[in-house]
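Results of the structural survey
One letter stands for each residue in the lines below.
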Amino acid sequence: MLDYGVIQENLLVGSCPYGHRDLISIRKKLKASAILCLQDDLDLTMMGINYENMKEAGQKRELLMVRSQWTNSNGANHRLDNLRQAVKTLQQLLNEGHTVYVHCTLGQVRSPTVALAYLTGIQGFAIEEAIILIKQGRPQAMPLMRIHQAYQTELNRREHSS
């Protein structure tokens, strides 16, 4: 069963969809048109999920299925790379007009971190406002603050060097 929260009208954060019923729920109930999966191959294997089958099932339900793998086992620099790529992918999907369901395994750490970075780095929310928005939609969210801070520092450096 899906466990999710609405962060903004077009941005949802939640747990991994396990099967076709979850995909139907994401499409019909949540009105999402795209799913951004942050899970790596090991996550999916441990959960017994064949991503290619899920992708095909999602496409049959008019869901754009996209992955931006975030590997848990690597160091901070790699996590920052993961975050950068996931935010870029999320921004592209939202710019294309999609309502996006972002998920990791439980929807508590990686996916809220991506939402936080998107809200602060792309939409310009103050961090406090963004955290409130995320916690309202997903009370159990625990964004990775150190990675988010590194992301924000990087964005600030780019702004000041331009």
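Anyway, here's the lowdown on the structure attached to this text. All figures in this text were calculated on a predicted structure; none of them were measured in a lab.

Cut-off values and rules
Residues numbered from 1 in each chain as written. Predicted model: local features only at pLDDT ≥ 70, side-chain atom pairs only at ≥ 80, totals over all residues. Heavy atoms only, no water. Pairing = 2+ DSSP bridges. Helix = DSSP H or I, 4+ residues; strand = E, 2+ residues; numbered from the N terminus. Axes fitted to C-alpha atoms, helices over the stretch in contact; angles between N-to-C directions. Contact = heavy atoms within 4.5 Å. Buried < 20%, exposed > 50% of the residue type's maximum accessible area, 1.4 Å probe, protein only. Polar contact = N/O pair within 3.5 Å; in protein donor to acceptor, adjacent residues only side chain to side chain. Salt bridge = Lys/Arg side-chain N within 4 Å of Asp/Glu carboxyl O.

1. Comments concerning the sheet that holds strand β2 (residues 11–14)
Spatially, the five strands line up as an open sheet ordered β1-β2-β5-β3-β4, and their pairing is mixed. Because the sheet does not close on itself, it has two edges, and the strands there are β1 (4–8) and β4 (64–67). Averaged over all adjacent pairs, the angle separating strand axes in this sheet is 20 degrees, with direction ignored. Relative to strand β5 (residues 100–103), strand β3 (residues 34–37) runs parallel, the two sharing four bridges. Within β5, the residue paired with C37 across the bridge is H103. Relative to β4, helix α3 (residues 51–60) is tilted by about 150 degrees, and along the sheet it contacts β3 and β4.

2. Section: the side chain of R110
Residue placement: R110 occurs in helix α5 (residues 110–122). Overall, R110 belongs to the buried group, its relative accessible area being 5%. Looking at R110, its side chain comes within polar contact range of the main-chain oxygen of W70, at 3.0 Å.

3. Observations regarding the pattern of salt bridges
All told, the structure shown has eight salt bridges when counted by the stated rule. The closest approach of N and O atoms between R84 and D81, which form a salt bridge, is 2.5 Å. In this pair, R84 and D81 both sit in helix α4 (residues 76–95), three residues apart, roughly one turn of the helix. We classify R84 as partly exposed; its relative accessible area is 27%. Notably, a salt bridge pairs E154 with R158, separated by 3.1 Å at the nearest N-O pair. With a gap of four residues between them, E154 and R158 both fall in helix α7 (residues 145–161), about one helical turn apart. The class for R158 is partly exposed, based on a relative accessible area of 45%. One network of salt bridges, with partners in common, ties together D81, R84, E154 and R158.

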